[in-house]
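Letter by letter, the chains look like this.
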Amino acid sequence: MEEIWRPKLGSPSVPSQSPEGFDRGAHLHVSLTRSPWLLLAPLLSPTVPQVTSPPCCLCPEGVHRFQWIRNLVPEFGVSSSHVRVLSSPAEFFELLKGQIKIAKRRVVMASLYLGTGPLEQELVDCLESSLEKSLQSKFPSDLKVSILLDFTRGSRGRKNSRTMLLPLLQRFPEHVRVSLFHTPNLRGLLRLLIPERFNETIGLQHIKVYLFDNNIILSGANLSDSYFTNRQDRYVFLQDCAEIADFFTELVDAVGDVSLQLQGDDTVDVVDGMVHPYKGDRAAYCRAANKRVMDVIHSARTRQQMLHAQTFHSDSLLSQEEAAAAGDRRPAPDTWIYPLIQMKPFEIQIDEIVTETLLTEAERGAKVFLTTGYFNLTQAYMDLVLGTRAEYQILLASPEVNGFFGAKGVAGAIPAAYVHIERQFYSEVCSLGQQDRVQLQEYWRRGWTFHAKGLWLYLAGSSLPCLTLIGSPNFGYRSVHRDLEAQIAIVTESRALQQQLHQEQEQLYVRSGVVSSATFDQPDRQVKLWVKMVTPLIKNFF
């Protein structure tokens, strides 16, 4: 019976796609030819991009088995010495401030929102100070600041992200850009009737990228006080990675161009020639947005392919020593970064493709550590976890560390809804006899909340991960279908970086307890009937 649920796994092989293959929202689908079982795992959307398999051009083993990803997105080769994994909110906050202070050319920040407390004001003050210094310098550095936030979340309340940033915009109008993404799905009567807070459920700008000159922090953390103090997330710092910084600058610029522009008088406007996101034709807007974002991905991918050809396929390959003697002191890459973008409103489904393929191809003996602050996997992801051969340890928030715990009104019932979803999944694991292969663990830490998301992949026989996904997606319906998301796949053969990633995983999982049937027998895990009845109706909105 168990084998019925397992797809046949082979080494991935995705033929090279021409850049035009993604234009106009082309649909690439995870191949079903190797896995008849996947026919029983429909996605909750009309179509799923299909990836046919990429033979590993260099080596079928180790990290090179993941080179098929470069058929979809640009591949950036870096030295692992340029990658640092952060572990705490305080470290994240101090790094943000420190990087803003030394930025000379550009600060690019994409987040769901900017909070309104004193810590957030410190960030704004750092930006103001750096802009001031740039203008007063004997050799002006012409620092530019670009901030991308979500319109609905950033406009909530009288004091909000917009009012926090207005003084910067008013004082440095030529050097500061604030873009507010408004989902095209919130329009007409729906926009008029849905109240504040609840309108955010329709779709959000959820990307979290913090960029300073050629340094980048990729995270799932927002720019808010709890994320700087006691809300656990994940963070990776990429230092002196110019090509990656250029890519994410262009990506944020692209999303900014299809967003509303904050003006100095707190009004908003669209970029000249752009279709309005909720007043204009929805289909035309989404087509324009798709083209704008995919142009960034295509051009970066083409640049990196040319760079790769020059570096690795030249007839006159230089040794590392010869390259150093010639003035190129960059170490040879041992780590590869792949940006994975998911913007389903614009028919861009790259992160979904890659995540599904990774889950499909995880072989027997491999271990996948998957974590999410909001356990609400899509049906496709759940089916792949239950139907493949790898071992899974899934880390999720206990109700007490859920960000909605103790909230007023309907939101206060959301932790109970997650408990209900968790129990249903656990019951399915047990009914399939998969308890030894699929394990749930709940994070708990007094006085903290939990927001970490991503995965670590340990190949069969390895005690260290060679791949991690880190960024904004939560693996849930919202991440796949409603919001704008970005994360990176980091693939490394560096033992030192693998150790960093392994330590990060252990530090999160050590604060967790294993879920068993007894977990749901506790009095505080009893879910009210109305919550059970409502959860199937609302689970796609949170």
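Calculation notes
Residues numbered from 1 in each chain as written. Predicted model: local features only at pLDDT ≥ 70, side-chain atom pairs only at ≥ 80, totals over all residues. Heavy atoms only, no water. UniProt positions renumbered as here; feature names shortened; annotations may be inferred. Helix = DSSP H or I, 4+ residues; strand = E, 2+ residues; numbered from the N terminus. Expected span 1.5 Å × (residues − 1). Buried < 20%, exposed > 50% of the residue type's maximum accessible area, 1.4 Å probe, protein only. Arc of directions from axis to C-beta. Salt bridge = Lys/Arg side-chain N within 4 Å of Asp/Glu carboxyl O. Pairing = 2+ DSSP bridges. Right-handed = clockwise from strand over helix to strand, strands pointing away. Axes fitted to C-alpha atoms, helices over the stretch in contact; angles between N-to-C directions. Parallel < 35°, antiparallel > 145°, perpendicular 65-115°, else oblique. Contact = heavy atoms within 4.5 Å. Nonpolar A, V, L, I, M, F, W, Y, C, P; charged D, E, K, R; others polar.

As annotated in an unreviewed UniProt entry, the protein chain is CDP-diacylglycerol--glycerol-3-phosphate 3-phosphatidyltransferase from Peromyscus maniculatus bairdii. The protein chain has a UniProt comment under Sequence similarities (unreviewed entry) that states "Belongs to the CDP-alcohol phosphatidyltransferase class-II family."

Sorry if this is basic, but what is going on with helix α2 (residues 118–136) here?
Owing to its 3.6 residues per turn, the α-helix brings residues three or four apart onto one side. Here α2 is 19 residues long and its end C-alpha atoms lie 26 Å apart, about the 27 Å a rise of 1.5 Å per residue gives. Of the residues making up α2, those classed as buried are Glu120, Leu123, Val124, Cys126, Leu127, Ser130, Leu131 and Ser134. Taken end-on, α2 shows its buried residues confined to a sector of 150°, consistent with a single buried face. Turned more than 90 degrees away from the buried face of α2, the exposed residues are Pro118 and Gln136.

Even after reading the chapter, I still don't get the pattern of salt bridges, so can you show me in this structure?
It is possible for side chains bearing opposite charge to pair when their charged atoms get close. Under the defined criterion, the tally for this structure stands at 21 salt bridges. The partner of Glu442 in a salt bridge is Arg525, with the nearest N and O atoms 2.5 Å apart. Here Glu442, found in strand β16 (residues 438–443), pairs with Arg525, found in the loop between β21 (512–514) and α15 (529–538); they are 83 residues apart in sequence, far enough to count as distant. Among the charged side chains, a network of salt bridges with common partners joins Arg177, Asp253, Asp257 and Arg292.

It is not clear to me how the pairing of strand β15 (residues 391–397) should be interpreted in this structure. Could you clarify?
Both faces of the sheet carry side chains from a regular strand, because those side chains alternate between them. Along β15, five of the seven residues are buried, which leaves the element largely enclosed by surrounding structure. With six bridges joining them, strand β14 (residues 367–372) and β15 adopt parallel strand pairing. What sits directly across from Leu370, in β15, is Ile394. Handedness of the crossover joining β14 and β15 through helix α11 (residues 379–387): right-handed. Direction of pairing for β15 relative to β16: parallel, over a ladder of six bridges. Pairing of Ile394 across the sheet is with Leu440, part of β16.

What am I meant to see in the packing of helix α12 (residues 414–431) against α15 here?
Two quantities define a packed helix pair, namely the angle between the axes and the distance from one axis to the other. In contact at an axis separation of 9 Å, α12 and α15 are set at 75° when each is read in the N-to-C sense. Judged by the angle between their axes, α12 and α15 are roughly perpendicular. Counted together, Ala416, Ala417, His420 and Ile421 of α12 and Val531, Lys532 and Thr535 of α15 form the full contact between these two elements. Residue classes in the contact of α12 with α15 are distributed as four nonpolar, two polar and one charged.

I'm lost on the pairing of strand β5 (residues 176–181) in this one. Help?
Among the six residues in β5, five count as buried, and that is most of the element. Alignment of β5 against strand β10 (residues 260–262), held across two bridges, turns out to be antiparallel. Counterpart to Leu180 in the pairing with β10 is Leu260.

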